[in-house]
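Geometric and topological summary
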Protein chains: 4
Amino acid sequence: MLRRPVDPIEVNAKKTASTILDEMCLTAFQARALGEIVKIWRKMLAEKHILIWLGLAGAMTPAGMRKIIGFLIERRMVDVLVTTGANIYHDLYEAFGGRHYRKTCGLKDETLKVEGVNRIYDVLVEENKLCKLDAWIEKDFAEKLTDGYPYSSREIIHLLGECVSSSKKNDGGILASAYQAEVPVFAPALPDSSIGFSLMYANRRRGRNIVVNGSKDVEESVRITEDSSITGVVYVGGGVPKNFIQQTAVIASYQTKRDRSHKYAVQVTMDRPFWGGLSGSTLEEGKSWGKISTSAKVATCYMDASIALPLIAHALAEEKVNRKMAPPISLEQP
Amino acid sequence: MLRRPVDPIEVNAKKTASTILDEMCLTAFQARALGEIVKIWRKMLAEKHILIWLGLAGAMTPAGMRKIIGFLIERRMVDVLVTTGANIYHDLYEAFGGRHYRKTCGLKDETLKVEGVNRIYDVLVEENKLCKLDAWIEKDFAEKLTDGYPYSSREIIHLLGECVSSSKKNDGGILASAYQAEVPVFAPALPDSSIGFSLMYANRRRGRNIVVNGSKDVEESVRITEDSSITGVVYVGGGVPKNFIQQTAVIASYQTKRDRSHKYAVQVTMDRPFWGGLSGSTLEEGKSWGKISTSAKVATCYMDASIALPLIAHALAEEKVNRKMAPPISLEQP
Amino acid sequence: MLRRPVDPIEVNAKKTASTILDEMCLTAFQARALGEIVKIWRKMLAEKHILIWLGLAGAMTPAGMRKIIGFLIERRMVDVLVTTGANIYHDLYEAFGGRHYRKTCGLKDETLKVEGVNRIYDVLVEENKLCKLDAWIEKDFAEKLTDGYPYSSREIIHLLGECVSSSKKNDGGILASAYQAEVPVFAPALPDSSIGFSLMYANRRRGRNIVVNGSKDVEESVRITEDSSITGVVYVGGGVPKNFIQQTAVIASYQTKRDRSHKYAVQVTMDRPFWGGLSGSTLEEGKSWGKISTSAKVATCYMDASIALPLIAHALAEEKVNRKMAPPISLEQP
Amino acid sequence: MLRRPVDPIEVNAKKTASTILDEMCLTAFQARALGEIVKIWRKMLAEKHILIWLGLAGAMTPAGMRKIIGFLIERRMVDVLVTTGANIYHDLYEAFGGRHYRKTCGLKDETLKVEGVNRIYDVLVEENKLCKLDAWIEKDFAEKLTDGYPYSSREIIHLLGECVSSSKKNDGGILASAYQAEVPVFAPALPDSSIGFSLMYANRRRGRNIVVNGSKDVEESVRITEDSSITGVVYVGGGVPKNFIQQTAVIASYQTKRDRSHKYAVQVTMDRPFWGGLSGSTLEEGKSWGKISTSAKVATCYMDASIALPLIAHALAEEKVNRKMAPPISLEQP
């Protein structure tokens, strides 16, 4: 019980992220938790036959985190991504040259509205530029889709990735990296995003009949967990992405009559268990449901993802990882 | 600036919730915010031609809040509900006689797993009973659905409400109350819930072809906001329900070339603006997007919904509200 | 394990706070926690020989909570109060007729500064009126104090209570109620408040030598816990008040060679355990130190005190409590 | 308004903390806030005549942060420290060779109590070793103190620093570094800590008359702000340390009839403004009181200090700072 002392961190210049996070493992509170996340993620990467899910909520693309996600995908530090429609939409926007801006002025939201500028906490974006992207989705992109075909969100995102990759070299964002690395990306609530809204417009104003079939997302994702020897999960934020990945384990276990609970699990969140919601629930709670293995290595760090993601990614970047041989995901493309 | 003094609350026995919350309006911090929410909600109820959206995230049904939502629906204090698949699923479970239990023991999640008991923070539920409900959805309920028909979540929930209402009198829960009061209920991420999983099983194991078309949810919900003179919103938690309702205003405005931003907006949340996500974003931020009217009356209270909901509902219960004449929602049933 | 079902709350008009909080005991999440706090506090009040400590941090007086604290003191629902200098100072200000104001305008802090108005979140107060009170403390009140005498904060607060009580009838605030009910009030960090600053001015500008002896606070408070058969604690917020009360148990146990850990403990806080600080630490953690009895009944509710205090106080108000016979506190007055 | 784009962070190996934090300045949410803190602290260090206050709450010493504070003191990146008695006490404990341990076992607090092990979140410490330190303070250290002399906490901490420094070389902790760098350290609530408790024992059990005069702390600290050309503040957590430093500006302004508000202000906290307390209050709120200059450069980052401190310290470590010429603090030693 008293064999592992806290080692006070000593400051010397020029430490890399990896070194600092390793040292944090020997401290306490959330610093230790952050260090543990890197340690467990490294263990996942050292597993021969593992499939790593990444659940990504929050407005990570507008916050400047899209190339970090791109990096994790390219280096195959994750094998499947589940995220929000918004993260995909804003990634598309930047892939096409759009920019988000840092709010530094004291302008009120009422004034921003008049100026046609939308706000995401301390980030600004021009409404009319978003509208142009919406129009492109409604008309140009929608032409790539077949009426009546029940698309999973993954299929639509794959086609968006194709557009981004054909028009330019991989810019290191989410869509392009995932397309090139053949990493499937799900956005189970895609209809509830500007991509979904634009496709709805296509139906309503252009007589199209585009169907986004949520059942197919579930079916495909469960198949991935079923087909994997073992799985690990990384949750950045909660929401639908976390629930969706958690559930694949429950359903796959039920379906295959074998224990398919996730064997590694780490999460970064600012939510709390106390309100009883899934987003803030502990990984331990997931064990009672068979979502997380009762013997899983787990770590939760309570901190803002905009700080955690760069730190973790840079710490992992120093690894010699070669996971190009990661298990292929057997999903046909649309 | 210095005309409205803080009035210290004086304690006397037998005050009702309504009185206490009124007095909180004259105090400060979150107490005042809670009082303001009731005040604004009352103003909404006094409007002649208003449609009130309720966005409900979190595990409110397992926490014992389903009859409060039922009450708000029955008394037509809300006109449309947007929630999670889980809240609907657990409401269905209780409507069929299932119970959730208060965790009072110190048992670990590993032990709960062995015992076949699932945990939601301090609530327990038997796994095999949930599995029976899953089987009913997969087989019996699915038989009510037509293969290939692109269902909105609202249509599926309507049919579930029908099942609940035919088997017994209105038990005061969400499904039964909404069915009887003809209040539409959306769960835009329905596929990512045990209802969606069971329907996916029906497809996979029983050769069915059930399609849950997310685009239709968006289309229907936008139509509701378009068809309303004015709209007000109540957000309990964030997630997809909040985003979904916020967006109806943006799309409806775009579609009709008129300002359809929400004119009243209140929210109860334990999330924070600081992480930049939609769930914790301020109602003011919504103004920059045209989601919330720049002249809207708004209030946000940072507190757990399990406490806020009973207090607010009891405070509203003392109102003489008769909104049976609330604008009919022009959505055909499946 | 599955014997105690969650009972969904049913809404009917005219429920009192007590009824609602009782019903919350049968729900979940923080609602249950809030109900449990009332239940445990009632148990404390039913104990024959118990001394109840109240630790009160935060800006509760400016928020309009001073008469609630006054009520708890008058009805002897607490026997000793430990709080911040600020809560005492602002209570003194209101006892002398000063008012705090609700901020409803959008004025910026830079403008408030120019206007001579100080802000406490959404509460405003006039700087020059505070300065008058400071001058009264520095000159008039200081004249009641003896140079060189090592005052405990309790003694100073007792003398302030005397001033308030002689000048007018008990206005139901903290100082007056405590003075009349002979409930000791400590503010261990009193020097770090406007009262302390004004006394320091007296020393510096008026050649006084007023000594606020922190050691005496510790000595007196430990004696209280030592002299009590059993003790219970109520923490509203953390900070010095919580630590101070927690420590009396450790020291009294050490001193008397008997277990004097607190036998009941409830807390309301918006802090969290995750950052490792004392303010947000769990009551369970306190057990490892012998601060809280390992067999203690405990409950923690994560919510804003400005909402919790009125609810709890009104729920308790319906009790038939007669604790005038509460153990006398054997502290001599200055 | 739209001139400063968000620059997505690109991952490449071997970046130092300084580079990552600089890049965060071009992102959003709390990452940008963290970057801004470093930027503002660097600006403070570049000022010729500035005095930098550090307010440090929380259990930073047990968490392994004492050498980081030591580093900031040694390199004179702070000129005065205000902290809790606990941070000093645990620093003393480690300076004398004591260790804190990482909790990795699942033992319950009831068991820890039986084993004589105290818990601070995920840190453990042996009770009997703490008791030995208490005994040393009560007897050996107290012998250095003069009965009846009204000590400020700073004077007592200075004497503790002397003990630590004479017995061994500077171990890089808080006490030793501050002693050698002649950086004053205040713990205004010192009596409410194990140091204060032990001194109280000395009075009670050994017939001593040790006086810890809180008024003197205030007097000395105000003098420091008065005597400085300009001041900057760094708050790690809130509590008494933050309030104490904030107030020096108000009092010094009042006393000197000149604006002595702090000209730079940064804070790291996990508290929130919404509850109205001083700990979580915004730096903007401080402007209305004249605590922070209306023209001050400010930044607040909402994150756990155990992560923020190492990152910030390493980012600053790459600076070429030579502040040995920092303004001497004119306080006589006891």
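Residues numbered from 1 in each chain as written. Chains lettered and ligands numbered in written order. Predicted model: local features only at pLDDT ≥ 70, side-chain atom pairs only at ≥ 80, totals over all residues.

**With respect to the overall build of chain A**
For the record, the criterion: Starting at the N terminus, helices and strands are each numbered in turn, a helix being any DSSP run of H or I of at least four residues and a strand any DSSP run of E of at least two. With C-alpha atoms as the basis for the radius of gyration, the globule rule is written as 2.2 Å multiplied by the number of residues raised to the power 0.38. Counting other C-beta atoms within 10 Å of a residue's C-beta gives its exposure: the residue is buried at 20 or more, exposed at 12 or fewer, and partly exposed in between, where C-beta atoms are placed from the backbone. A pair of residues counts as a contact when their C-beta atoms, built from backbone coordinates, are separated by no more than 7 Å.
The number of helices and strands found in chain A is 13 helices and 11 strands. The C-alpha atoms of chain A give 20 Å as radius of gyration, which agrees with the globular expectation for 334 residues (20 Å, within 12%). If one aligns the C-alpha atoms of chain A with their principal axes, the spans along those axes are about 70 × 55 × 40 Å. Across the 334 residues that make up chain A, the buried fraction comes to 66%. At a minimum sequence separation of 6, the contacts of chain A that also span at least 24 residues come to 76%.

**Details of the sheet that holds strand β3 (residues 101–102) of chain C**
Residues and elements named next belong to chain C. Our working rule: At least two bridges found by DSSP between two strands is the condition for calling them paired. Helix axes use the C-alpha atoms of the stretch in contact, all axes being lines fitted to C-alpha atoms, and the angles between their N-to-C directions lie in the range 0 to 180 degrees.
Ordered by their spatial adjacency, three strands build an open sheet running β3-β5-β4, and the pairing between neighbours is antiparallel. Each edge of the open sheet carries a strand with a single partner, namely β3 and β4 (117–120). The sheet strands contacting helix α6 (residues 127–138) are β4 and β5 (123–126), and the helix crosses β5 at an angle near 60°.

**Some words on the relation of the copies chain D and chain B**
The line we're drawing: Residues below a pLDDT of 70 in either copy are left out; the C-alpha atoms of the rest, at least 70 in both, set the least-squares superposition of the copies.
For the pair chain D and chain B, the superposition axis carries a translation of 0.0 Å, the fit reaches an RMSD of 0.0 Å, and the rotation angle comes to 180°. Between the two chains, the operation in question is that of a two-fold axis. Ranked by how close their C-alpha atoms come to the rotation axis, the residues of chain D are headed by D:R272, at 4.5 Å. A high fraction, 100%, of the interface residues of chain D reappear at the interface in chain B, so the copies pair face to face through one surface.

**With respect to the interface of chain A and chain D**
Operational definition: Each residue gets one of three labels, nonpolar for Ala, Val, Leu, Ile, Met, Phe, Trp, Tyr, Cys and Pro, charged for Asp, Glu, Lys and Arg, and polar for the others, Gly among them.
Residue-level contacts link 58 residues of chain A with 58 residues of chain D. Those elements that provide at least two residues to the side of chain A that touches chain D are α1 (17–24), α2 (29–46), α3 (66–74), β3 (101–102), β5 (123–126) and α13 (305–317) of chain A. Per-element tally for the side of chain A that touches chain D: the top contributor is α13(A), with six residues. Looking at side-chain class alone, the side of chain A that touches chain D contains 34 nonpolar, 10 polar and 14 charged residues.

**Details of the nonpolar core**
Quick note on the threshold: A set of buried Ala, Val, Leu, Ile, Met, Phe, Trp, Tyr and Cys residues, joined to one another through C-beta atoms within 7 Å, is what we call a nonpolar core.
Residues A:L34, B:L34, C:L34 and D:L34 are the most contacted members of the largest nonpolar core, which totals 480 residues. Beyond its immediate sequence surroundings of up to four residues, B:L34 is in contact with B:L21, B:M24, B:C301, B:M303, B:A308, B:L311 and C:I307.

**Looking at the relation of the copies chain A and chain D**
Structural alignment of chain A on chain D gives an RMSD of 0.0 Å, achieved by rotating through 180° and translating 0.0 Å along the axis. The fraction of interface residues of chain A whose copies in chain D are also interface residues reaches 100%, indicating that both copies meet through the same surface.

**With respect to helix α9 (residues 194–206) of chain B**
Along an α-helix, residues three or four positions apart point the same way, because every turn accommodates 3.6 residues. What counts is decided by this rule: Expected span of a helix, by definition, is 1.5 Å for each gap between consecutive residues, and there is one gap fewer than residues.
The first and last C-alpha atoms of α9(B) sit 17 Å apart over 13 residues, in line with the 18 Å expected at 1.5 Å per residue. In terms of burial, α9(B) is largely enclosed, as 10 of its 13 residues are buried. Tucked inside the fold, the buried residues of α9(B) contact α10 (214–227) and α11 (239–256) of chain A together with α4 (85–95), α6 (127–138) and β8 (211–212) of chain B. B:G207 lies just past α9(B) and shows a positive phi near 65°.

**Brief notes about the environment of B:S18**
Residues and elements named next belong to chain B. Inspection of the secondary structure assignment puts S18 in helix α1 (residues 17–24). When the 21 C-beta atoms within 10 Å are taken as the criterion, S18 is described as buried. For S18 and V38, which are 20 residues apart along the polypeptide, the C-alpha to C-alpha distance reads 8.7 Å. If sequence neighbours within four positions are ignored, S18 has contacts with H314, A315 and E318.

**Some details on the sheet that holds strand β1 (residues 50–56) of chain B**
Residue and element names in this part refer to chain B. With parallel pairing, the six strands of this open sheet are ordered in space as β7-β2-β1-β9-β10-β11. Both edges of this open sheet fall to β7 (185–186) and β11 (292–302), since each of them pairs with a single strand only. Sheet analysis places β1 next to strand β9 (residues 230–236), joined by seven bridges and oriented parallel. Across the sheet, I52 pairs through a bridge with G232, a residue of β9.

**Examining α2(A)**
When the terminal C-alpha atoms of α2(A) are compared, their 26 Å separation across 18 residues agrees well with the 26 Å that a helix rising 1.5 Å per residue should span. Considered for burial, the residues of α2(A) that qualify are A:F29, A:Q30, A:A31, A:R32, A:A33, A:L34, A:G35, A:I37, A:V38, A:W41, A:M44 and A:L45.

**Quick word on the pairing of strand β4 (residues 117–120) of chain B**
Residue and element names in this part refer to chain B. Of the two faces of β4, the one lined by V117 and R119 and the one lined by N118 and I120 are each fully buried. In the sheet, β4 pairs with strand β5 (residues 123–126) via four bridges, with the strands oriented antiparallel. Bridge assignment links N118 to a residue of β5, and that residue is V125. The hairpin turn running from β4 into β5, its antiparallel successor, is two residues long, and Y121 in that turn takes a positive phi close to 50°.

**What about the packing of helix α2 (residues 29–46) of chain D against helix α13 (residues 305–317) of chain D?**
Residue and element names in this part refer to chain D. For clarity, the cut-off: What sets the label is the angle itself: under 35 degrees gives roughly parallel, over 145 gives roughly antiparallel, 65 to 115 gives roughly perpendicular, and the rest give oblique. Take the far helix as the reference: if the near one is turned anticlockwise from it by less than a right angle, the crossing is left-handed, and if turned clockwise, right-handed.
Two elements in contact, α2 and α13, have axes separated by 10 Å at closest approach and are oriented at 45°. In this view, α2 runs oblique relative to α13, as classed from their interaxial angle. Relative to α13, α2 is oriented so that their crossing is right-handed. When α2 is examined against α13, the residues L34, I37, V38 and W41 are found in contact with a partner set consisting of A308, L311, I312, A315 and L316. Residues that form the contact of α2 with α13 fall into these classes: nine nonpolar, no polar and no charged.

**Things to note about unusual backbone geometry**
A positive phi is found at A:Y121, a non-glycine position, where the angle reads about 50°. Summarising the element assignment, A:Y121 is placed in the loop between β4 (117–120) and β5. For A:Y121, a count of 23 C-beta atoms within 10 Å gives the class buried. Despite not being glycine, C:K257 shows a phi value in the positive range, around 60°. Classification of C:K257 by C-beta neighbours within 10 Å gives exposed; the count is 7.

**So, the packing of helix α10 (residues 214–227) of chain C against helix α11 (residues 239–256) of chain C**
Residues and elements named next belong to chain C. Running from N to C, α10 and α11 cross one another at 65°; their axes reach a closest spacing of 8 Å. Here α10 is positioned roughly perpendicular relative to α11, judged by the angle of their axes. Taken as a pair, α10 and α11 cross one another with a handedness that is right-handed. Of the residues in α11, those touching α10 at S221, V222, I224, T225 and E226 are F244, T248, A249, I251, A252, Q255 and T256.

**Some details on the environment of B:Q246**
All names here are of chain B. Position of Q246 relative to the elements: it lies in helix α11 (residues 239–256). The class of Q246 is buried, set by 27 C-beta atoms lying within 10 Å. Separated by 15 residues in the primary sequence, Q246 and S261 have C-alpha atoms spaced 8.5 Å apart. When residues no more than four places from it in sequence are discounted, the contact partners of Q246 are G286 and K291.

**Thoughts on the environment of A:A252**
Residues and elements named next belong to chain A. Secondary-structure assignment places A252 in helix α11. Exposure remark for A252: the 23 C-beta atoms within 10 Å place this residue in the buried category. For the pair formed by A252 and V222, sequence separation is 30 residues and the distance between their alpha carbons is 5.8 Å. With sequence-adjacent residues up to four places away left out, A252 is seen in contact with V222, T225, E226 and R260.

**Comments concerning the pairing of strand β10 (residues 262–269) of chain D**
Here is the key point about a regular strand: its side chains alternate between the two faces of the sheet. All names here are of chain D. Here is the rule: By definition, the crossover connecting two strands over a helix is right-handed if that path, from the first strand to the second, turns clockwise as seen with the strands pointing away from the viewer.
Of all eight residues making up β10, eight are buried, and the element is well covered by its neighbours. Two strands pair when backbone bridges link them, and strand β9 (residues 230–236) and β10 are joined in this way by five bridges, in the parallel orientation. Paired with V234 across the two strands is V266, which belongs to β10. Taking the sense of rotation as the criterion, the β-α-β connection linking β9, helix α11 (residues 239–256) and β10 turns out right-handed. Where β10 and strand β11 (residues 292–302) come together, seven bridges link them in parallel fashion.

**A short note on the confidence of the model for chain A**
This is how it is decided: The pLDDT value tells you how sure the predictor is about a given residue, anywhere from 0 up to 100.
When pLDDT is averaged along chain A, the result is 94; 98% of the residues meet or exceed 70. Predicted complex metrics record ipTM = 0.96 and pTM = 0.97.

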